[in-house]
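Given next are the chains, with one letter for each unit.
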Amino acid sequence: MQVDSAQKKAIEHNRGPMLVLAGPGSGKTLVITRRTQWLIERAGVAPGNILVVTFTRAAAGEMRSRFDRLMDGRHLPVSFGTFHAVFFTILKYAYNYRVENILSEDEKYGIIRDIVHQVDVEMDDEKDFLMNIAGEISQVKGDMMPLEHFYSANCSKDVFEEIYRGYEQKLRRMRRLDYDDMLVQTWQLFKERPDILLAWQKKYTYILIDEFQDINRIQYEVIRMLAKPENNLFVVGDDDQSIYRFRGAKPEIMLGFPKDYKDSEKIQLDVNYRSSPEIVEASQKVIRVNKKRFDKEIRSCRDREVPIELRTFKNQQEECTYVAKRLRDEYE
């Protein structure tokens, strides 16, 4: 598949940090896999020194498959994985952790439930309360926030601190770690053991990150440590597509990347290969209302099709019914 000029420039970026703004349908996966190929075949980087990080196991698997096809089926030792998978691998070598040390979601809620039943707290719905408390525990860890500075939206400050500390003590006694601990403990390990950090820095001399708009604070801090001193950090994402703030994502990290890395290059993949001009133009009119974003222009490479149809609905149920009926009619 041919690449356009912006994609080519991103793929052939040599050394140092780069921010790639990749809107919908702009070929970001193609750029990441082709860049990985370019680093190996043109820049002479050893495959084992390349780390490609994304946010879901499925996305990492798909990227690995596409890369293998690019390399004619050769399974080179490039590391493709999620943040949690990569960081857990680091912890396995340092602490001899095994999969059995990872806390399951059922175990997590069971521990929180037991602690909640021991404290004096009022709740309307136990299931919702436990889910919200679990989310706040994750927020404290992901934001690297001192516990004394956090105020729960679900219970008093004292009660939340009691639940949090009880939860942490239980995990330590069980020698278990939850998914947030994989990030926290990796950060702590790197801070306390510069020799271990140096070994991993030498291992991963080139780091590529997909869906960068969804990164949280502790993921970013660990990656920044890992990328030093060369800072061959290639991040790809679209600040306009950040929808996971409720899960701890910090899109402002992406917006601040050029300030954190003043020598970084920035390039926009400005061609949408998926949608018609009508859809691209209409979506840009909507998204430009947002003020805290990178200013960007996107164009479609496809022919014009049909005008955008705008409809309003009384409620979500009416909207869903209409969409379902239209889909049914299209396929009949």
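Quick note: structure is the one above.
The rules we used
- In every chain, residue numbers begin from 1 and rise along the written sequence.
- Given that the model is predicted, a residue must reach a pLDDT of at least 70 before its local features are reported, and side-chain atom pairs must reach 80 or more before they are shown or counted; all residues, however, enter totals for whole chains, interfaces and linings.
- Side-chain figures throughout are based on the complete set of non-hydrogen atoms in the structure, without hydrogens or water.
- Any two strands with at least two DSSP-identified bridges between them are counted as paired.
- In this description a helix means any DSSP run of H or I spanning at least four residues, a strand means any run of E spanning at least two, and both kinds are numbered starting from the N terminus.
- Every axis in this analysis is a line fitted to C-alpha atoms, fitted for helices over the stretch in contact. Angles between the N-to-C directions lie between 0 and 180 degrees.
- Note on definitions: a residue-residue contact is assigned when non-hydrogen atoms from the two residues lie within 4.5 Å.
- Nonpolar core, defined: a set of buried Ala, Val, Leu, Ile, Met, Phe, Trp, Tyr and Cys residues in which side-chain atoms within 4.5 Å join the residues together.
- A 1.4 Å probe rolled over the protein chains alone gives each residue an accessible area, and that area as a share of the maximum for its type sets the label: buried under 20%, exposed over 50%, partly exposed in between.

Caption draft 1: Seen up close, the sheet that holds strand β6 (residues 265-269). In space, the six strands of this open sheet follow the order β3-β2-β4-β5-β1-β6, with parallel pairing throughout. The sheet is open, and its two edges are formed by β3 (79-82) and β6, each paired on a single side. Strand after strand, the sheet turns through a mean of 15° between neighbouring axes, direction not considered. As paired elements, strand β1 (residues 18-22) and strand β5 (residues 233-237) share four bridges and run parallel to each other. Along β5, the bridge assignment pairs L21 with G237. Contacts between helix α11 (residues 251-260) and the sheet are confined to β1 and β5, with β1 contributing the most and set at about 145° to the helix.

Caption draft 2: Representation of the nonpolar core within the structure. In terms of nonpolar packing, the biggest core is built from 40 residues, with F190, I207, I209, F212 and L233 touching the most fellow members. Here this core takes seven residues from helix α10 (residues 217-227), the largest share from any one element. Once you skip the residues sitting within four places of it in the chain, F190 turns out to touch I90, I196, L197, W200, V222, M225 and L226. Among the nonpolar cores identified, the runner-up in size contains 27 residues, and A6, A10, I32 and M63 belong to it.

Caption draft 3: Representation of unusual backbone geometry within the structure. For the peptide bond that leads from K228 to P229, omega is 0°, which places it in the cis range. Relative to the assigned elements, P229 resides in the loop between α10 and β5. If you check the backbone angles, N96 has positive phi at about 60° while not being a glycine. Within the secondary structure layout, N96 lies in the loop between α4 (83-95) and α5 (105-116). When its relative accessible area of 62% is taken as the criterion, N96 is described as exposed.

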